[in-house]
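This is what each chain is made of:
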Amino acid sequence: MARDYSGSPKHHHLESRRKRLTWILGVSGLCILSYILGAWQNTKAPTGPSEVPSRIDCGVGSSTAASGDTKSSFSSAPVLDFQSHHTVDINQTDGIRKLPPCDMSLSEYTPCQHPQRGRKFDRDMLKYRERHCPTKEELLLCLIPAPPKYKTPFKWPQSRDYAWYDNIPHRELSIEKAVQNWIQVEGDRFRFPGGGTMFPRGADAYIDDINELIPLTKGSIRTAIDTGCGVASWGAYLLKRNILTMSFAPRDTHEAQVQFALERGVPAMIGIMASQRLPYPARAFDMAHCSRCLIPWHQYDGMYLIEVDRVLRPGGYWILSGPPIHWKKYWRGWERSQEDLKGEQDAIENVAKRLCWKKVAEKNDLSIWQKPINHVECVKSRKIYKTPHICKSENPDAGWYRSMETCITPLPEVGSPEEVAGGELEKWPERAFAIPPRISSGSIPGVNVEKFRDDNQVWKERLTHYKRIIPLQQGRYRNIMDMNANLGGFAAALSKYPVWVMNVVPANSDQDTLGVIYERGFIGTYQDWCEAFSTYPRTYDLIHAGGIFSIYQDRCDVTYILLEMDRILRPEGTVIFRDTVEILVKIQSIAKEMRWKSQIMDHESGPFNPEKILVAVKSYWTGEAPQEQH
């Protein structure tokens, strides 16, 4: 039987459709009205070019193709305009419209290791070659120019063996070190054969010789330090063995050894063993190396070996080749008497013994010592060896403008003679994400295991975001700096890429986390960003600056921090800033004066996060070649 309806089906449907149509029209009307009202409220004309949303063209004036990748990456992100809505007082130089280029004579200017300034200081213990930074009145308010024919460096791994002559126009090393085969000039480029004073067969063969004496390829040795590194071929060839080396050498008046190392894509910085501690924490390196580095290890009560002991991990190795090792074979070539060389070696052996080091090998040109895993026996030996005594200092990690001491840096206490002081580390690569002993022991205030794991997750998400806005996967970047490295999460997230990261912990930071970074198998240094960094101009491809200007905005003029970033950044290099909108707007205005192209973007978590991201690219431009005299 058919079902009965109380009314006409046709009339029922018409009434329903009428109500639906009325509702849709009402909602649409409200939307249109809201849109018109919002548009009317935001029709203020932009007051300057920086307020006009535009696509970023990173290739202005560029002679290279690398900028194309960056341009397309930037274009994929929406432009956020905060200029007219956010203002904040920030410590910066007033009245600058456009920063001029510096004189071409300053193309390789290193502010805190400037040879002319250094000559004013004491030559005793080579103090004149340490950091001596310019006064506020001496700071330069100009942009360091690149050489006239500057080219984008070779990509890694080709850069290990080649560099453009026009980028570092110095032939001195190829002439002075021709016998050692450090560097050769081939047409428009340099070639690095991997030679060295004490490894005429090449760095690779020399490292193989070391590997026969101590295990280099089993993951237990990950971080190394090379004192007096030359062009850092030792560190360059250790990279394929997954060993990351902090190479350093003093600022030369003409040889530019550290500059060559960084141009090759090899970690390095300007530094010297003189009177100040090295800018690294205690227990940082698994291995230390000196190959004819000309450091008087036995002098000043063994102070330089004592400093190596401070930065060496328990169980770490010290490798020495060159004078006085194997002196019976080389004494004539070294133009020193046998008595003199024997006396020097005996003195070094004596200092090592007093430091409780054990000599594990001496074969041909190599001698290797090992630091004890704890100080149980060393403390007992003070009854025999009164000097050096064990330090009473409270902070063994202090490495920023701290004088060296002639006492042994104490290791953390242990429960048994078999226990590794400070905690045993995982082998590489597990070490990168394993809980660092400094965190598991609770020695970093405010940082626990949970926060460490959360930080790793944060950086995993950040890196996923960064890959969408900069060409991380295209080999564009090799030398990377993290100006505020915290726990080293950025370096860890990048560990599978063919890059290396200089992790910087601000010297005046509330938390000293640099020891954690080294325990993870990465390298870094302390730095006060009110001063210049110990490197040559144009040595980094990518700089990450997370929250650094919030730290320094009340401490010094941020214009000079940005000028320092410009100095150490390669032409067409990239900077990622993370900070509040107010600070990023001010940074962007100064960046424009430095010829940088920049764009503010939302946080990776979305537009509601108050922290924003500013991505900037340094424009390609060079200085002018000097006019020839007719």
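Residues numbered from 1 in each chain as written. Predicted model: local features only at pLDDT ≥ 70, side-chain atom pairs only at ≥ 80, totals over all residues. Heavy atoms only, no water.

For the protein, the name recorded in an unreviewed UniProt entry is Methyltransferase, with Trema orientale as its organism. The record held by UniProt for the protein lists under Sequence similarities (unreviewed entry) the comment "Belongs to the methyltransferase superfamily." (UniProt positions renumbered as here; feature names shortened; annotations may be inferred.)

Caption draft 1: Local environment of the packing of aromatic side chains. Considering all chains together, one arrives at 21 aromatic pairs under this definition. Aromatic pair Phe190 and Phe260: ring centres 5.0 Å apart, planes at 90°, arrangement edge-to-face. Of this pair, Phe190 sits in strand E3 (residues 189-191) while Phe260 sits in helix H7 (residues 257-263); the two residues are 70 residues apart in sequence, bridging distant segments of the chain. The class of Phe260 is buried, set by a relative accessible area of 0%. The side chain of Lys151 reaches across the aromatic face of Trp164, ending 5.2 Å from its centre. Over the ring of Tyr552 we find Arg555, and its NZ or CZ is 5.5 Å from the ring centre. (Phe/Tyr/Trp six-rings, centres within 6.5 Å; stacked < 30°, edge-to-face > 60°. Helix = DSSP H or I, 4+ residues; strand = E, 2+ residues; numbered from the N terminus. Buried < 20%, exposed > 50% of the residue type's maximum accessible area, 1.4 Å probe, protein only. Lys NZ or Arg CZ within 6 Å of the ring centre and 35° of its normal.)

Caption draft 2: Up close: unusual backbone geometry. In this structure, Pro388 follows Thr387 across a cis peptide bond, with omega equal to -5°. Tracing the backbone through its elements, the reader meets Pro388 in the loop between helix H11 (376-381) and helix H12 (437-440). For the bond running from Trp428 to Pro429, omega is 10°, close enough to zero to count as cis. As for its placement among the helices and strands, Pro429 is situated in the loop between H11 and H12. The backbone of Asn242 shows a phi angle near 60°, a positive value even though the residue is not glycine. Residue position: Asn242 is located in the loop between helix H6 (233-238) and strand E5 (244-249). The exposure class assigned to Asn242 is partly exposed, which follows from its relative accessible area of 46%. The phi angle at Arg595 is positive, at roughly 70°, despite the residue not being glycine.

Caption draft 3: Just the sheet that holds strand E4 (residues 223-227), in detail. Spatially, the seven strands line up as an open sheet ordered E6-E5-E4-E7-E8-E10-E9, and their pairing is mixed. The outermost strands of the open sheet, each flanked by one partner alone, are strand E6 (268-270) and strand E9 (358-363). Averaged over all pairs of adjacent strands, the angle between strand axes in this sheet comes to 20°, irrespective of strand direction. Bridge count between strand E7 (residues 285-291) and strand E8 (residues 312-321): six bridges; the pairing is parallel. In the strand pairing of E8, Cys290 is matched with Leu320. Here helix H5 (residues 203-211) sits on the sheet and contacts E7, E8 and strand E10 (366-370); the angle it forms with E10, its principal contact strand, is near 45°. Sitting on the sheet, helix H8 (residues 303-311) touches E7 and E8, and the angle it makes with E8 is about 140°. (Pairing = 2+ DSSP bridges. Axes fitted to C-alpha atoms, helices over the stretch in contact; angles between N-to-C directions. Contact = heavy atoms within 4.5 Å.)

Caption draft 4: Just the confidence of the model for the protein, in detail. Taken as a whole, the protein shows an average pLDDT of 87; of its residues, 82% reach a score of 70 or greater. This stretch, residues 39-73, has a pLDDT under 50; its non-local contacts, to residues over four places away or in other chains, come to 49 contacts. Segment residues 82-88: pLDDT under 50, and 17 contacts once partners within four positions in sequence are set aside and those in other chains are kept. (pLDDT = per-residue confidence, 0-100.)

Caption draft 5: The state of the cysteines, seen in detail. Taken as a whole, this structure holds six disulfides when the rule is applied. A sulfur-sulfur distance of 2.0 Å marks the disulfide that ties Cys356 to Cys378. When the S-S torsion is 80°, as for the bridge of Cys356 with Cys378, the disulfide is right-handed. One end of the pair, Cys356, is in the loop between helix H10 (338-354) and E9; the other, Cys378, is in helix H11, with 22 residues separating them in the sequence. (Disulfide = S-S within 2.5 Å.)

Caption draft 6: Structural view of helix H18 (residues 581-593). With 13 residues, H18 should reach 18 Å at 1.5 Å per residue; the first-to-last C-alpha distance of 19 Å fits that figure. If you follow the buried residues of H18, they end up packed against helix H16 (548-552), helix H17 (558-568), strand E15 (569-580), strand E16 (596-601) and strand E17 (611-618). Phi turns positive one or two residues past the end of H18, at Arg595, with a value near 70°. (Expected span 1.5 Å × (residues − 1).)

Caption draft 7: Region of interest: the pairing of strand E14 (residues 540-546). Burial of E14 is extensive: seven of the seven residues sit out of reach of the surface. As paired strands, strand E11 (residues 479-482) and E14 are joined by three bridges and run parallel to one another. Within E14, the residue paired with Asp482 across the bridge is His544.

Caption draft 8: Seen up close, the pairing of E15. Burial of E15 is extensive: eleven of the twelve residues sit out of reach of the surface. Both E14 and E15 contribute to a ladder of six bridges, which runs parallel. Looking at the pairing, Ala545 lines up with Phe577 of E15. Judged from the seven bridges that link them, E15 and E17 form a sheet pairing that is antiparallel. From the neighbouring strand, Thr574 faces E17, where its bridge partner is Val617.

Caption draft 9: Here's a closer look at the nonpolar core. In this structure, Trp297, Met565 and Phe577 are the most contacted members of the largest nonpolar core, which totals 147 residues. In terms of residue count, H18 provides more of this core than any other element does, seven residues in total. The contacts of Trp297, once residues within four sequence positions are left out, are Thr227, Met273, Cys290, Gly302, Tyr304, Leu305, Val308, Trp318, Leu320 and Ile348. Counting residues in each nonpolar core, the second largest holds six residues, with Ile439, Val447, Phe452 and Val516 among its members. (Core = buried A, V, L, I, M, F, W, Y, C linked by side-chain atoms within 4.5 Å.)

Caption draft 10: Seen up close, the pattern of salt bridges. Here the structure, examined in full by the defined rule, presents 31 salt bridges. A salt bridge links Glu362 to Lys359; its shortest N-O distance comes to 2.3 Å. For Glu362, a relative accessible area of 42% translates into the label partly exposed. Here Lys359 falls in the partly exposed class, since its relative accessible area comes to 28%. (Salt bridge = Lys/Arg side-chain N within 4 Å of Asp/Glu carboxyl O.)

Caption draft 11: Broad picture of the side chain of Arg538. When you line up the elements, Arg538 lands in the loop between strand E13 (523-527) and E14. The buried charged residue Arg538 lacks any salt bridge partner; its closest oppositely charged side chain belongs to Glu108, at an N-O distance of 5.1 Å. A polar side-chain atom of Arg538 sits 3.0 Å from the main-chain carbonyl oxygen of Ser107. (Lys, Arg positive; Asp, Glu negative; His and termini not counted. Polar contact = N/O pair within 3.5 Å; in protein donor to acceptor, adjacent residues only side chain to side chain.)

Caption draft 12: Structural detail: H8. Counting buried residues along H8, nine of its nine residues qualify, which places the element largely inside the surrounding structure. Buried within H8 we find Met303, Tyr304, Leu305, Ile306, Glu307, Val308, Asp309, Arg310 and Val311. Turning to H8, the residues buried within the fold contact E7, E8 and H10.

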